[in-house]
Amino acid sequence: FADCLMVATVAAIISYIPIGFLASKIGRKKTIMLGVLLMASCYLAAAFVANYHPLINVAFALIGFAWAAINVNSYPMVVEMNKNSDIGKYTGYYYTASMAAQIVAPILSGAIYKLAGHIVGGDDIEGMRHTFFIFGAIFVAMSFVTMFFVKHGDAKPVAKKSVLEHLDVD
């Protein structure tokens, strides 16, 4: 599983620009929710893979795409949701929450992993590995719920200057 993060990262880098175009068509919120659903589904599917198999890289490529859908759109939503004078303040809130999650998640997942070890006997490392994917799927699904409460910050379509511009096809 060591190469999976690299696969996800490369897939995310490749998909950053296409994700931006997708968000401009369907909206940031819908793009984020699509990414969250895809990521939770892939984590849940990966929970049932006991040993490394090359096909798991497909799941992690999709996770990278989903990760990009969330990351590319999250910060612009924060910026869109406030006045110019408050951008710094809300950027601080955004990054504080993000970094706090990155600190707490390994500690919490380690505690869950240890608890799972006590439940299944502690010697079945391969059997306990799926708890990480289930942990990820649960928390990503919780973020899907929080996105329902987001009411602002979506991309605003550029207004056409004349009726004839509506007929223009790029």
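Our structure is the block above this text.
Just so you know, these numbers come straight off a predicted model, no measurement behind them.

Observations concerning the overall build of the protein chain
Here is step 1 of the chain: Looking only at helices and strands, the protein chain has 5 helices and 0 strands in total.
Here is step 2 of the chain: Residue pairs in contact within the protein chain that sit at least 24 positions apart in sequence constitute 76% of those at least 6 positions apart.
Here is step 3 of the chain: Summed over its atoms, the accessible surface of the protein chain is roughly 11,200 Å², and 71% of this surface lies on carbon and sulfur atoms.

So, the packing of aromatic side chains
Here is step 1 of the chain: All chains considered together, the criterion is met by 7 aromatic pairs.
Here is step 2 of the chain: Judged by centre distance (5.9 Å) and plane angle (55°), the rings of Tyr75 and Tyr94 are tilted. Of this pair, Tyr75 sits in helix α3 (residues 56–80) while Tyr94 sits in helix α4 (residues 87–120), placing them 19 residues apart in sequence.
Here is step 3 of the chain: Overall, the relative accessible area of 28% leaves Tyr75 in the partly exposed class.
Here is step 4 of the chain: Among the residues examined, Tyr94 registers a relative accessible area of 22% and is labelled partly exposed.

Remarks on the environment of Met81
Here is step 1 of the chain: Take Met81: it is sitting in the loop between α3 and α4.
Here is step 2 of the chain: Among the residues examined, Met81 registers a relative accessible area of 45% and is labelled partly exposed.
Here is step 3 of the chain: Met81 sits 70 residues away from Lys151 along the chain, and the two C-alpha atoms are 9.1 Å apart.

Describing the nonpolar core
Here is step 1 of the chain: Residues Met39, Tyr43 and Phe60 are the most contacted members of the largest nonpolar core, which totals 22 residues.
Here is step 2 of the chain: When residues of this core are traced back to their parent elements, those giving at least two are α1 (4–26), α2 (28–46), α3 and α5 (125–147).
Here is step 3 of the chain: When residues of this core are assigned to their parent elements, the largest contribution, 8 residues, is made by α2.
Here is step 4 of the chain: Ignoring any residue separated from it by four or fewer positions in sequence, one finds Tyr43 in contact with Ile63, Phe133, Gly136, Ala137 and Val140.

Some details on the packing of α1 against α2
Here is step 1 of the chain: Direction vectors running N to C along α1 and α2 enclose 125°, while the axes themselves pass 7 Å from each other. Classified by the interaxial angle, the pair formed by α1 and α2 is oblique. Residues Ile19, Leu22, Ala23 and Ile26 of α1 form the contact with α2, whose participating residues are Arg28, Lys30, Thr31 and Leu34.
Here is step 2 of the chain: Considering only residue class, the contact of α1 with α2 consists of 5 nonpolar, 1 polar and 2 charged.

Examining the side chain of Lys29
Here is step 1 of the chain: Counting through the fold element by element, Lys29 comes out in helix α2.
Here is step 2 of the chain: A polar side-chain atom of Lys29 sits 3.4 Å from the main-chain carbonyl oxygen of Met147.
Here is step 3 of the chain: Only 2.8 Å separates the side chain of Lys29 from the backbone oxygen of Val150, close enough to count as a polar contact.
Here is step 4 of the chain: The contacts of Lys29, once residues within four sequence positions are left out, are Met77, Met147, Phe148, Val150 and Asp154.

So, the pattern of salt bridges
Here is step 1 of the chain: Taken as a whole and judged by the stated rule, the model has 1 salt bridge.
Here is step 2 of the chain: Ionic pairing is found between Lys89 and Asp86, a salt bridge with its closest N-O pair at 4.0 Å.

What counts, and where the lines are drawn
Residues numbered from 1 in each chain as written. Predicted model: local features only at pLDDT ≥ 70, side-chain atom pairs only at ≥ 80, totals over all residues. Heavy atoms only, no water. Helix = DSSP H or I, 4+ residues; strand = E, 2+ residues; numbered from the N terminus. Contact = heavy atoms within 4.5 Å. Areas by Shrake-Rupley, 256 points an atom, 1.4 Å probe, with all protein chains shown as cover. Phe/Tyr/Trp six-rings, centres within 6.5 Å; stacked < 30°, edge-to-face > 60°. Buried < 20%, exposed > 50% of the residue type's maximum accessible area, 1.4 Å probe, protein only. Core = buried A, V, L, I, M, F, W, Y, C linked by side-chain atoms within 4.5 Å. Axes fitted to C-alpha atoms, helices over the stretch in contact; angles between N-to-C directions. Parallel < 35°, antiparallel > 145°, perpendicular 65-115°, else oblique. Nonpolar A, V, L, I, M, F, W, Y, C, P; charged D, E, K, R; others polar. Polar contact = N/O pair within 3.5 Å; in protein donor to acceptor, adjacent residues only side chain to side chain. Salt bridge = Lys/Arg side-chain N within 4 Å of Asp/Glu carboxyl O.

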